[in-house]
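# Tertiary structure, described
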Amino acid sequence: QVHVEESGGGSVQAGGSLRLSCLVPAHLYSNRLMGWFRQAPGKEREGLAAICTTRGRSVHGDSVKDRFTISRDNTKSTVYLQMNSLNPEDTAMYFCAAGPRYNCDPTLDEQMYGNWGQGTQVTVSS
């Protein structure tokens, strides 16, 4: 099991930015698939971005690829989601998730992720 902890959510006005962080225990961090997802009330969970921690290969969901960027700092065992040009449709609970180790093929397939954080709320007002 991998415990992950999100932070950085909050309330912002439309057009603003937020950076979410996902802290992973250092000894469980390397060569692992990590992803960001979100879920708004009444909607299905949506994959946003995924990255392989050590090599840094990443993918981004089509709906957010122009505005969101996933990255990582291997010295801090932390995965980030930089969110720019936020709009009210981005309001949701955002989750960090950990998948298998030694996975260098990032994917937004939810079935690949077995460890989920508690989520951090992002609210964007008009």
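A short tour of the structure in this document, coming up. The residue count restarts for each chain, going from 1 along the sequence in the order it is written. Residues qualify for local features only when their pLDDT is at least 70, as the model is predicted, and side-chain atom pairs are given and counted only at 80 or more; totals for whole chains, interfaces and linings, by contrast, use all residues. The basis for the side-chain values is all heavy atoms of the structure; hydrogens and waters are excluded.

## Description of the pairing of strand E11 (residues 120-125)
Burial classes follow relative accessibility: with a 1.4 Å probe on protein chains only, a residue under 20% of its type's maximum area counts as buried, one over 50% as exposed, and anything between as partly exposed. In this text, helices come from DSSP runs of H or I with a minimum length of four residues, and strands from runs of E with a minimum of two, each type numbered from the N-terminal end. Where burial is concerned, the two faces of E11 differ: the one with Thr120, Val122 and Val124 is buried and the one with Gln121, Thr123 and Ser125 is not. As paired strands, strand E2 (residues 10-13) and E11 are joined by 4 bridges and run parallel to one another. Pairing of glycine 10 across the sheet is with valine 122, part of E11. In this analysis, strands are considered paired if DSSP registers two or more bridges between them. Two elements, strand E9 (residues 92-101) and E11, share 3 bridges in a ladder whose sense is antiparallel. By the bridge assignment, methionine 93 is partnered in E11 with glutamine 121.

## A closer look at the packing of aromatic side chains
We call Phe, Tyr and Trp rings a pair once their centres come within 6.5 Å, taking the six-membered ring for Trp, and we label the pair stacked below 30 degrees between planes, edge-to-face above 60, and tilted otherwise. Counted according to the given criterion, the structure contains 3 aromatic pairs. Judged by centre distance (5.0 Å) and plane angle (75°), the ring pair of phenylalanine 37 and tyrosine 113 falls under edge-to-face. Residue phenylalanine 37 is found in strand E4 (residues 32-39), and its partner tyrosine 113 is found in the loop between E9 and strand E10 (115-116); the two are separated by 76 residues along the sequence. With respect to burial, phenylalanine 37 and tyrosine 113 carry one shared label: buried. Ring geometry for phenylalanine 37 and tryptophan 116: centres 4.9 Å apart, planes at 50°, overall tilted. Residue phenylalanine 37 is located in strand E4, and its partner tryptophan 116 is located in strand E10; the two are separated by 79 residues in the primary sequence. By relative accessible area, which is 0% here, phenylalanine 37 ends up buried. Its relative accessible area of 26% is what places tryptophan 116 among the partly exposed residues. Through pairs of rings, three or more aromatic residues link up here, namely Phe37, Tyr113 and Trp116.

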